[in-house]
Amino acid sequence: MKPFLRTQLERYAQRLGELDFLLSREDIMSDMAQYRRISVEHAEVTQIAGRYARYQQREADLAGAREMLADPDMAEMAQEEIASSEAELLQLEDELQRLLLPKDPDDARNAFVEIRAGTGGDESALFAGDLTRMYTRYAANVGWKVEVVSENAAELGGYKEIVLRIEGDQVYGALKFESGGHRVQRVPATETQGRIHTSACTVAVMPEPDEHEAIKLNPADLRIDTFRASGAGGQHINKTDSAVRVVHLPTGIVAECQDGRSQHANKAKALQVLQARIQEKERSERAAKEAALRKGLIGSGDRSDRIRTYNFPQGRLTDHRINLTLYKLLYVMEGDLADVLQALAHAREAEQLEELETGASA
């Protein structure tokens, strides 16, 4: 184990003793807010300190087994113990490294996924529809719930823009690296010469704001318009002006919702999306500054960052940030995103570990 990791872990063992003492004090126990905060930290520190204690125990087992090798009668048993200890130590070190990495408090949140057609006209809108299907299928595979908040359908199929709300376990943490420019290369159905066209969409993934922590919107900064929802006919077409569009005047950020039947419900959802977009704007500006300082591998999540290419003639998906290439494009488009998302998460963990090590040696 690297010395800087061991130093960090020793601090956790020391901190656990401090927290045990704090939780035994009457003044802490009588202040529920402080007691809850310390209890949460205690649970996190206990997990890390416990795994480190196990690591130290296995180190001692390994040292004892190596001493036993000198005894011919014990050599075979010692070899088995050495192999077992070394394997578990590698596993524990990997686990401890991950536990030490800083946590994004938003990772556990639900998310809004906004997909917008870019260059490429009708083909770009069709690709936006394909991306919508991809994320919806992946969500179904992992047991998440998807609802359409707003959509602007294109004439030939697909979407000019669509906003999804995805609810489930660790949604934002899993999808946050999907933000950016997605490029497709394929022969459109309307192309008679068989030429490959390139078009693009942008994706923005935003954590759903916490009701208690969400930024407070000044009503004077908002313009709220109601209109009749567009979309498929039949029973679901709106006969009243129940769709809602909200404009945040200081930033020009717009959000709308036409999915619900009541104007009140649509307004509430549109305000949630608006809050998420304003927070995302602030987040991406901060991330861009941080990325400029540390030249981050994963990037800032800015819409202008071209993050991925979907090449249909070659059946190839390439994520340009981590040089990942997979030749299983049709499976990915059907929602088999696990390999891509896992590779991005591991790349970010490696980046964080390097930052942790650099900070420790500074």
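K.L.:
Explain the pairing of strand β3 (residues 159–167) residue by residue, including any values.
P.N.:
Summarising the sheet, strand β1 (residues 111–117) and β3 pair through 6 bridges and their orientation is antiparallel. When the sheet's bridge partners are listed, isoleucine 115 is paired in β3 with isoleucine 162. Bridge analysis of strand β2 (residues 145–153) against β3 gives 8 bridges, and the strand direction is antiparallel. When the bridges of β3 are listed, asparagine 152 appears paired with glutamate 161.

K.L.:
Explain the pattern of salt bridges to me, and be specific about the residues and the numbers.
P.N.:
Here the structure, examined in full by the defined rule, presents 35 salt bridges. The salt bridge involving arginine 25 is made with aspartate 27; its shortest N-O contact spans 2.6 Å. Residue arginine 25 is classed as partly exposed on the basis of its relative accessible area of 31%. Here the salt bridges do not stand alone but share partners, grouping Arg54, Arg58, Asp61, Glu81 and Glu88 into one network.

K.L.:
An account of the side chain of glutamate 351 is needed here, citing residue identities and associated values.
P.N.:
Its place among the elements puts glutamate 351 in helix α9 (residues 338–361). One polar contact links glutamate 351 to arginine 348, side chain to side chain, over a distance of 2.5 Å.

K.L.:
Would you mind going over the sheet that holds strand β6 (residues 222–227) in detail, with residue names and values included?
P.N.:
Strand order in the open sheet formed by 3 strands is β6-β7-β8, and the pairing between neighbours is antiparallel. Here the strands that pair on one side only, and so sit at the sheet edges, are β6 and β8 (253–257). Each strand of the sheet is rotated relative to its neighbour by a mean of 15°, with strand direction disregarded. Both β6 and strand β7 (residues 243–248) contribute to a ladder of 6 bridges, which runs antiparallel.

About the criteria used
Residues numbered from 1 in each chain as written. Predicted model: local features only at pLDDT ≥ 70, side-chain atom pairs only at ≥ 80, totals over all residues. Heavy atoms only, no water. Pairing = 2+ DSSP bridges. Helix = DSSP H or I, 4+ residues; strand = E, 2+ residues; numbered from the N terminus. Salt bridge = Lys/Arg side-chain N within 4 Å of Asp/Glu carboxyl O. Buried < 20%, exposed > 50% of the residue type's maximum accessible area, 1.4 Å probe, protein only. Polar contact = N/O pair within 3.5 Å; in protein donor to acceptor, adjacent residues only side chain to side chain. Axes fitted to C-alpha atoms, helices over the stretch in contact; angles between N-to-C directions.

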